[in-house]
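# Descriptive analysis of the structure
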Amino acid sequence: MARSLVRLGALFAFLFLIWIISYTFEPRKTAYSCRTFWYCIGVSDRHGYAHPLPSTLSLESEVTLRDGTVRYRRATQDANPELLFLALIQGWQSWSSDFRSTQRTANDFMDLLASTKLDLTKAALAIMTASADEYERTMKATARLPFARTDVYLREDEDLGVKYEDRHDPRVQLARRANLALLRNYLMLRGLQDEQHIIWLDADVVELSENIIQTMISHSESNRDVGIITAICHQNEMANYDKNAWKIGDTPELLRPVADGDRDSASAELVATRLMLPELINGTDDSALVAIDSVGGTLLYVRAELVRKGVSFPPFNIVGTSWSQAGWIGVETEGICYIAKALRSGGCYVLGGKHHVRHIDWG
Ligand SMILES: *[C@@H]1O[C@H](CO)[C@@H](O)[C@H](O)[C@H]1NC(C)=O
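What comes next concerns the included structure. Please read all numbers here as calculations on a predicted model, not as lab measurements. Throughout, a residue's number is its position along its own chain's written sequence, starting from 1. Note on the predicted model: pLDDT of at least 70 is required for a residue's local features to be given, and 80 or more for side-chain atom pairs to be given and counted; whole-chain, interface and lining totals, by contrast, use all residues. Hydrogens and water molecules were not included; the side-chain quantities draw on all heavy atoms of the structure.

### Some details on the overall build of the chain
What counts as a helix is a DSSP run of H or I of at least four residues, what counts as a strand is a run of E of at least two, and both are numbered from the N terminus. Secondary structure summary: the chain contains ten helices and 15 strands in total. The contacts in the chain between residues at least 6 apart in sequence include a share of 77% that link residues at least 24 apart. Here the chain has roughly 18,000 Å² of accessible surface; of this, 57% comes from carbon and sulfur atoms. Only heavy atoms enter the contact rule, under which two residues are in contact if any of them lie within 4.5 Å. The protein chains shown are the only cover counted for residues, whose accessible areas, like all others here, come from Shrake-Rupley with a 1.4 Å probe.

### Topic: the packing of aromatic side chains
Ring pairs shown here join Phe, Tyr and Trp side chains whose ring centres sit within 6.5 Å, with only the six-membered ring taken for Trp; geometry is labelled stacked below 30 degrees between planes, edge-to-face above 60, and tilted in between. Under the counting rule described, the total for this entry stands at two aromatic pairs. Ring plane angle 45° and centroid distance 5.1 Å describe the contact between Trp95 and Phe109, whose orientation is recorded as tilted. Of this pair, Trp95 sits in the loop between β3 (83-89) and α3 (106-114) while Phe109 sits in helix α3; the two residues are 14 residues apart in sequence, bridging distant segments of the chain. In this pair, the class of Trp95 matches that of Phe109, namely buried. Only when the NZ of Lys or the CZ of Arg is both within 6 Å of the ring centre and within 35 degrees of the ring normal is a charge said to sit over the ring. Across the ring face of Tyr186, the terminal group of Arg155 is positioned such that the distance to the ring centre comes to 4.2 Å. Only protein chains enter the calculation, and the probe is 1.4 Å; a residue is then buried if its accessible area is under 20% of its type maximum, exposed if over 50%, and partly exposed in between.

### Things to note about the sheet that holds strand β12 (residues 289-291)
Being paired, for any two strands, means DSSP has found at least two bridges between them. What the ten strands build is an open sheet, ordered β1-β2-β5-β4-β3-β6-β13-β8-β14-β12; its pairing is mixed. Edge positions in the sheet fall to β1 (58-64) and β12, since each of these pairs with one other strand and no more. On average, each strand axis in the sheet is tilted by 20° relative to the strand beside it, whichever way the strands run. Sheet topology places β3 next to strand β6 (residues 197-201); four bridges connect them, and they run parallel. Residue pairing for β6: Phe85 is matched across the bridge by Ile199. Only the stretch in contact is used when a helix axis is fitted, and all axes are lines through C-alpha atoms; the angle between N-to-C directions ranges over 0 to 180 degrees.

### Let's talk about a negative patch on the surface
A cluster of acidic side chains, namely Glu62, Asp133, Glu136 and Glu156, defines a negative patch on the protein surface. Here Asp133 shows up in helix α4 (residues 132-142). Patches draw on residues past 30% relative accessible area with no salt bridge. Two like charges within 9 Å are joined, as are two nonpolar side chains (Val, Leu, Ile, Met, Phe, Trp, Tyr) within 5 Å. Salt bridges are defined by distance alone: a side-chain nitrogen of Lys or Arg within 4 Å of a carboxyl oxygen of Asp or Glu. Positive charge is attributed to Lys and Arg, negative charge to Asp and Glu, and no charge count is given to His or to the chain ends. Note that the charge is assigned to NZ on lysines, CZ on arginines, CG on aspartates and CD on glutamates.

### Describing the environment of Ser61
You can see Ser61 is positioned in strand β1. The spacing of Ser61 and Ala75 is 14 residues in sequence and 8.9 Å in space, taken between C-alpha atoms. Beyond its immediate chain neighbours, meaning those up to four positions away, Ser61 contacts Arg71, Tyr72 and Arg73.

### Notes on the sheet that holds strand β15 (residues 356-359)
The strand order β7-β15-β9 describes an open sheet built from three strands, whose pairing is mixed. Single-partner strands in this sheet number two, and they are β7 (205-208) and β9 (232-234). Taken pair by pair, the neighbouring strands of this sheet meet at an average axis angle of 30°, ignoring direction.

### A look at the state of the cysteines
Covalent bonding between the sulfur atoms of two cysteines is what defines a disulfide. Cysteine sulfur pairs qualify as disulfides if the two atoms are within 2.5 Å. Throughout the structure, instances matching the rule amount to one disulfide. Here Cys337 engages in a disulfide with Cys348; their sulfurs sit 1.8 Å apart. Across the S-S bond linking Cys337 and Cys348, the dihedral sits near -85°, which makes this disulfide left-handed. Residue Cys337 is located in helix α10 (residues 333-340), and its partner Cys348 is located in strand β14 (residues 347-351); the two are separated by eleven residues in the primary sequence. Cys348 shares its class with Cys337; the two are buried.

### Overview of the pairing of β14
Burial runs high along β14: four of the five residues are buried. In this sheet, β14 lies alongside strand β8 (residues 226-230) in parallel orientation, the contact comprising four bridges. Following the sheet pairing, Val226 is matched in β14 by Gly347.

### Considering the pairing of strand β13 (residues 299-303)
For β13, a buried count of five out of five residues is recorded, marking the element as mostly surrounded by other parts of the structure. Burial along β13 is two-sided: Leu299, Tyr301 and Arg303 facing one way and Leu300 and Val302 facing the other are all buried. Bridging between β6 and β13 involves five bridges; their strand directions are antiparallel. By the bridge assignment for β13, Trp200 is matched with Leu300.

### Description of the nonpolar core
Soluble globular proteins tend to pack their nonpolar side chains together in the buried interior. The biggest cluster of nonpolar side chains holds 38 residues, and the ones touching the most others in it are Phe85, Met110, Leu113, Phe147, Ile213 and Leu299. What Leu113 contacts, discounting residues up to four positions off in sequence, is Phe85, Leu120, Leu125, Leu145, Phe147 and Leu201. Side-chain atoms within 4.5 Å link the members of a nonpolar core, which is a set of buried Ala, Val, Leu, Ile, Met, Phe, Trp, Tyr and Cys residues.

### Quick look at unusual backbone geometry
Backbone geometry places Ser96, a non-glycine residue, at a positive phi of 65°. Structurally, the position occupied by Ser96 is in the loop between β3 and α3. Positive phi values are uncommon outside glycine, yet Ser345 reaches one of about 65°. Positionally, Ser345 belongs in the loop between α10 and β14.

### Details of the packing of α3 against α4
Working note: a packed helix pair is described by the angle between its axes plus the distance between those axes. At their nearest, the axes of α3 and α4 sit 9 Å apart, and the two run at 35° to each other. In this structure, α3 meets α4 at a crossing whose hand is right-handed. From α3, Ala106, Asn107 and Met110 reach across to α4, where they touch Glu134, Thr138, Ala141 and Thr142. Partitioning the contact of α3 with α4 into residue classes produces three nonpolar, three polar and one charged. Handedness of a crossing follows from how the near helix is turned relative to the far one, being left-handed for an anticlockwise turn of less than a right angle and right-handed for a clockwise one. Three categories are distinguished: nonpolar for Ala, Val, Leu, Ile, Met, Phe, Trp, Tyr, Cys and Pro, charged for Asp, Glu, Lys and Arg, and polar for the others, with Gly belonging to the last.

In structure tokens form, the structure reads like this:
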């Protein structure tokens, strides 16, 4: 009796082990994630693609561009996308790992894009990496979804010059963000064709609230003032992860020219008095838009028309720039609203209500 119980127990343990192994190493190589119990045992939504797959043929090409960048392109014959997704990754580490999950991959990023419930036959995707291995993997992962056009760019010599662990060190932040701005501008200008809407998405964002992209697009289409939109970004343990999105507080002195000797104190005052997103969207509903002065890049909508007019991510602190020196704030995403503001349809906003994105917990 006892022996047969032991055998039964062993059998169950064996089957459980097989199940865990097959689940963890499933062919699609998604990250093994136990964010919720149901997700962990595989019965909750795993973000299948909701629209019919097209029957049109895709053409593939690989070219080396004049600057040495390699571009893989897969495009349907009648490709005419309205929306362009953009993402930058250094290498495999850039996909990160989530709360209680193994290393994420390009496949998890595809899951995230499928979770938007958008018809991806009307979307294009452009991703740039510095890793030849990740270039290959991303090329394969993107084939799972029916994008109208997929570009994967490889710039092997490109190095952010910063170890992943050091990337929040203030001493290296300015140089890192200046370089990031150049890479963003490069990818945005290379990737953009006839699309109307651009969506930047960070590789370590793991969750988007329902219909968030659709809401951004509808705000842009129904309101001529709206050019750039972001959403609040949180982690499991932190309500406001993206400290680059803010509105200038009640500090008129920061709107005027800042004397050379006062730059450090102006930066400090801005940081101390700026209004952050949790406060700004408090009490608003899902259809609200709240004006802001600076955005981050975790999820960022940009009206493509602005880019065609020259709006870009400044690779230096643009606010307060003179002929002799760069300014005191406004590098990369923190400067794009400053540029766009001068143009029609250049207003910067954050989505109100419950719209949000979730960033991985580490980093
Ligand atoms: C939101 O507003 C309520 C009521 O005014 C207040 O009690 C709460 O502290 C606010 N929360 C944030 C994050 O500002």
